[in-house]
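# Structure at a glance
Each chain, letter by letter, is given below.
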Amino acid sequence: MAAASAASGRINRQQLQVGMATLTQLRMRCCALSNLVAGVGIGEPGGGREGEADGEPGLTIVYGAGELLAAAPAMEQPQYKSPGPQVDGEGEAFDLSNASRVQTSKGEGAKLQLDGSVISLLTWNVDGLDEMDFLERAHGVCSCLALYSPDVVFLQEVTKSYYYYIKQRAVSYILIAGENDDYFSVIMLHKSRVKLLKEETIDFPTSIMMRVLLVVQVNIAGNELYLMTSHLESTKDFSKERVRQLGIILKKMKEVPDCATVIFGGDTNLRDHEVRNLGGLPAGISDVWESLNRQEQCRYTWDTTTNDNLEASYCCRLRFDRVFFRASRGGQIIPKEMRLVGQERLECGRFCSDHWGLLCDFDVLL
């Protein structure tokens, strides 16, 4: 989630200009991140960030001498090259299904269920656009994957460098990435437990932030599922576009044949009032957090009062990351429990991301 801007009036009059400037900034940060992984030293990007007066995050705008910077001229982008194999302790890429090689501070919460009676799913915006402490933060995400060994993983805000870092280690997973050169969402499926049947990318035609819906059809323990993830349009200034994208997702969930279970998870950037204004979720589709009695300990997945990665000057607690569920006709899969992950500080003093990860377990009625 981008940091906030106080210039909401200026944004409304200059959305196209700001959109172009934002995309240019993202491309420049992605190039810098590629160099960082390859071992090239880089400095901090110029400019500063400002917070919303009401505490809710707005659009990221880069300022210089108090003025909005115009979009930078087109730059020739260097051809991206994979940083090559990374080493972790023993000098080789490790299988994320082997949790014994990873140390975390809350290992007591990890429970592996390999008999098909539980399906585990993790959704997490990993903030790959933040190049600061990239290697340690990415390694922290890998540690969580190794610890919990979820059947399905949804990642948002993944850059090419982040993608290659994960792929070199996630040898026990199939990775399906969204179609975007700058940053994108990724679905990870555990090879030994999930069979991939079909994949699809659905464009959001009016998105200026290159957002899409990523869909896979899979079979888990004899059950057919449609799994979906997305990163909906960011900031409160783009509420209408975000709600439009939510409508596309809900329509797609309803269109799936009722013989299959449907699970959507991702960084929705939704505010509760936006869902209420839409009339709530349609019949048959539930918000898993709400159906699990609205547990307070996993309400806020983006919380600047406890997560200081952004060093925000404002206090903001929002439930951006959500999981929606539509049962199959037989109702053989039901939500069981939910918890937050990634809440341990790393040695660098920061967290894996500015978002907490959301780990969900679903019971499979055998």
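Residues numbered from 1 in each chain as written. Predicted model: local features only at pLDDT ≥ 70, side-chain atom pairs only at ≥ 80, totals over all residues. Heavy atoms only, no water.

### Let's talk about the sheet that holds strand 5 (residues 173-177)
To keep things clear, this is the line we draw: At least two bridges found by DSSP between two strands are what make those strands a pair. Runs of E in the DSSP output that reach at least two residues are strands. Runs of H or I that reach at least four are helices, and both are numbered from the N terminus. Simply put, an axis is a line fit to the C-alpha atoms, just over the touching stretch for a helix, and the angle between two N-to-C directions goes from 0 to 180 degrees.
Strands sit in the order 5-6-4-3-16-15 across an open sheet of 6 strands; the sheet is mixed. Edge positions in the open sheet fall to strand 5 and strand 15 (333-341), since each of these has one partner strand only. Each strand of the sheet is rotated relative to its neighbour by a mean of 20°, with strand direction disregarded. Pairing analysis gives 5 bridges linking strand 3 (residues 118-125) to strand 4 (residues 152-159), with the strands arranged parallel. When the sheet's bridge partners are listed, leucine 122 is paired in strand 4 with valine 153.

### Thoughts on the sheet that holds strand 8 (residues 212-220)
Quick note on the threshold: By definition in these notes, contact holds between two residues if any of their heavy atoms fall within 4.5 Å.
In space, the 6 strands of this open sheet follow the order 7-8-9-10-14-11, with mixed pairing throughout. Here the strands that pair on one side only, and so sit at the sheet edges, are strand 7 (194-203) and strand 11 (285-287). On average, each strand axis in the sheet is inclined to that of its neighbour by 20°, with strand direction left out of account. Here 8 bridges tie strand 8 to strand 9 (residues 223-231), and the two strands are oriented antiparallel to one another. Note on strand 9: the bridge partner recorded for valine 215 is methionine 228. Sitting on the sheet, helix 5 (residues 239-255) is in contact with strand 7, strand 8, strand 9, strand 10 (261-267), strand 11 and strand 14 (321-326), with an inclination near 25° to strand 14.

### Considerations on the confidence of the model for the chain
Detailed conclusions should not be drawn from predicted coordinates in areas where pLDDT is low. Rules: Looking at any residue, its pLDDT shows the predictor's confidence there, from 0 to 100.
Per-residue pLDDT for the chain has a mean of 78; in total, 69% of the residues score no lower than 70. The low-confidence segment residues 1-55 (pLDDT under 50) makes 118 contacts with residues lying over four places distant or belonging to another chain. Low confidence marks residues 97-109, where pLDDT is under 50. Its contacts with residues over four positions away, or in another chain, come to 22 contacts.

### Some words on helix 3 (residues 134-148)
The condition that has to hold: Here a helix's expected span is defined as the number of its residues, less one, multiplied by 1.5 Å. We call a residue buried when its accessible area falls under 20% of the maximum for its residue type, exposed when it is over 50%, and partly exposed in between, using a 1.4 Å probe and counting protein chains only.
Its 15 residues give helix 3 an end-to-end C-alpha distance of 21 Å, which sits within 8% of 21 Å, the value for a rise of 1.5 Å per residue. A large share of helix 3 lies buried, amounting to 12 of its 15 residues. Among all positions of helix 3, only Phe134, Arg137, Ala138, Gly140, Val141, Cys142, Ser143, Cys144, Leu145, Ala146, Leu147 and Tyr148 are buried. At the C-terminal side of helix 3, serine 149 shows a positive phi close to 45°.

### Looking at the packing of helix 3 against helix 4 (residues 160-169)
This is how the line gets drawn: Throughout, the term roughly parallel applies to angles under 35 degrees, roughly antiparallel to angles over 145, roughly perpendicular to angles from 65 to 115, and oblique to all others. Crossing handedness: left-handed means the near helix sits turned counterclockwise from the far one by under a right angle, and right-handed means the same turn made clockwise. When residue character is reported, Ala, Val, Leu, Ile, Met, Phe, Trp, Tyr, Cys and Pro are called nonpolar, Asp, Glu, Lys and Arg charged, and the others, Gly included, polar.
For the pair helix 3 and helix 4, the least separation of the axes is 11 Å and the interaxial angle reads 45°. Overall, the two elements helix 3 and helix 4 adopt an arrangement that is oblique. The element helix 3 and its partner helix 4 pack so that their crossing is right-handed. Only Ser161, Tyr162, Tyr165, Ile166 and Arg169 of helix 4 make contact with helix 3, whose side of the interface consists of Phe134, Leu135, Arg137, Ala138, His139, Val141 and Cys142. Residue classes in the contact of helix 3 with helix 4 are distributed as 8 nonpolar, 2 polar and 2 charged.

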